[in-house]
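Listed here are the chains, written in short residue letters.
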Amino acid sequence: MDKKRQKLILEFLKNSFDPEGTIHFLAVAAMEQEGVEHLESLIIKVRVALTLQEGQSINPYFDGTDLSIEMTPTETQFIQEEDWADGPPIREGSPIELALGWVSELALPFYVSFEAQKAAKKKEGKQS
């Protein structure tokens with residue numbers, strides 16, 4: 001997936017989930033859905049790990065889920081919301097040390113926050 005689409009996805013997520021500036025995105029990965037084509041649109045599965053932010057500090061636990069979005073040349077929108085909007089997220093209250101690994105199970109993340117990188121390195125250090 002090209003950098004332009006990645007940037008559009010991240011901006012769309014931030015505008016959709018963080019209008020007050022209290023959500024901190026830890027990691028985001030996206031994968032184009034093969035075999036799902038519409039005329040001029042692209043269906044993308046997005047995996048996002050996020051937590052709450054208060055001032056300069058972030059919550060040490062994250063929630064994460066998979067979302068579906070449709071991108072056209074003029075619009076980006078959520079689709080299949082009934083699959084993810086109702087009910088609890090796929091990952092709920094997990095330590096942020098696990099966020100990067102979990103998001104990476106879908107695809108190589110195109111966005112990883114400093115905090116997620118730091119927590120993942122700390123976790124690796126404990127395992128060594």
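The text that follows walks through the structure, step by step, so that each part is easy to find. Bear in mind that the values here come from a model prediction, so they are computed numbers and not experimental data. (Residues numbered from 1 in each chain as written. Predicted model: local features only at pLDDT ≥ 70, side-chain atom pairs only at ≥ 80, totals over all residues. Heavy atoms only, no water.)

Our next topic: the overall build of the protein chain. Within the protein chain one finds 3 helices and 7 strands. Computed over its C-alpha atoms, the radius of gyration of the protein chain comes to 15 Å, within 12% of the 14 Å expected for a compact globule of 128 residues. Dimensions of the protein chain, computed from C-alpha atoms along their principal axes, come out at roughly 50 × 35 × 30 Å. The buried share among the 128 residues of the protein chain stands at 38%. Looking at the protein chain as shown, the accessible area adds up to about 8,000 Å², and 48% of this sits on carbon and sulfur atoms. Seen as two clouds, the 13 positive and the 22 negative side-chain charges of the protein chain have centres 11 Å apart. (Helix = DSSP H or I, 4+ residues; strand = E, 2+ residues; numbered from the N terminus. Rg over C-alpha atoms; globule rule 2.2 N^0.38 Å. Buried < 20%, exposed > 50% of the residue type's maximum accessible area, 1.4 Å probe, protein only. Areas by Shrake-Rupley, 256 points an atom, 1.4 Å probe, with all protein chains shown as cover. Lys, Arg positive; Asp, Glu negative; His and termini not counted. Charge placed at Lys NZ, Arg CZ, Asp CG, Glu CD.)

Across the 11 residues that make up strand 4 (residues 61–71), a large majority, 9, are buried. Bridge count between strand 4 and strand 6 (residues 91–95): 3 bridges; the pairing is antiparallel. Paired with Tyr61 across the strands is Pro95, a residue of strand 6. Relative to strand 5 (residues 76–79), strand 4 is paired through 4 bridges, and the arrangement is antiparallel. Bridge pairing in strand 5 links Ser68 to Ile79. (Pairing = 2+ DSSP bridges.)

A separate point is the environment of Leu13. For Leu13, the position within the fold is in helix 1 (residues 3–17). Residues in contact with Leu13, not counting those within four places in the same chain, are Asp18, Phe25, Val28, Val46, Leu67 and Phe78. (Contact = heavy atoms within 4.5 Å.)

This part is about the packing of aromatic side chains. As enumerated under the stated definition, the model contains 3 aromatic pairs in all. With a centroid separation of 4.7 Å and 50° between ring planes, the pair formed by Phe12 and Phe78 is classed as tilted. With Phe12 in helix 1 and Phe78 in strand 5, this residue pair connects regions lying 66 residues apart in the sequence. Judged by its relative accessible area of 16%, Phe12 is buried. (Phe/Tyr/Trp six-rings, centres within 6.5 Å; stacked < 30°, edge-to-face > 60°.)

The next subject is the side chain of Asp18. Tracing the backbone through its elements, the reader meets Asp18 in the loop between helix 1 and strand 1 (23–38). Buried Asp18, no salt bridge; nearest opposite-charge side chain is Lys14, N-O distance 7.2 Å. Within polar-contact distance, the side chain of Asp18 engages the backbone nitrogen of Gly21 at 3.0 Å. When near neighbours in sequence (up to four residues on either side) are disregarded, Asp18 contacts Leu13, Ile23 and Phe25. (Salt bridge = Lys/Arg side-chain N within 4 Å of Asp/Glu carboxyl O. Polar contact = N/O pair within 3.5 Å; in protein donor to acceptor, adjacent residues only side chain to side chain.)

A word on unusual backbone geometry. For Gln80, which is not glycine, the phi dihedral falls at a positive 50°. Inspection of the secondary structure puts Gln80 in the loop between strand 5 and strand 6.

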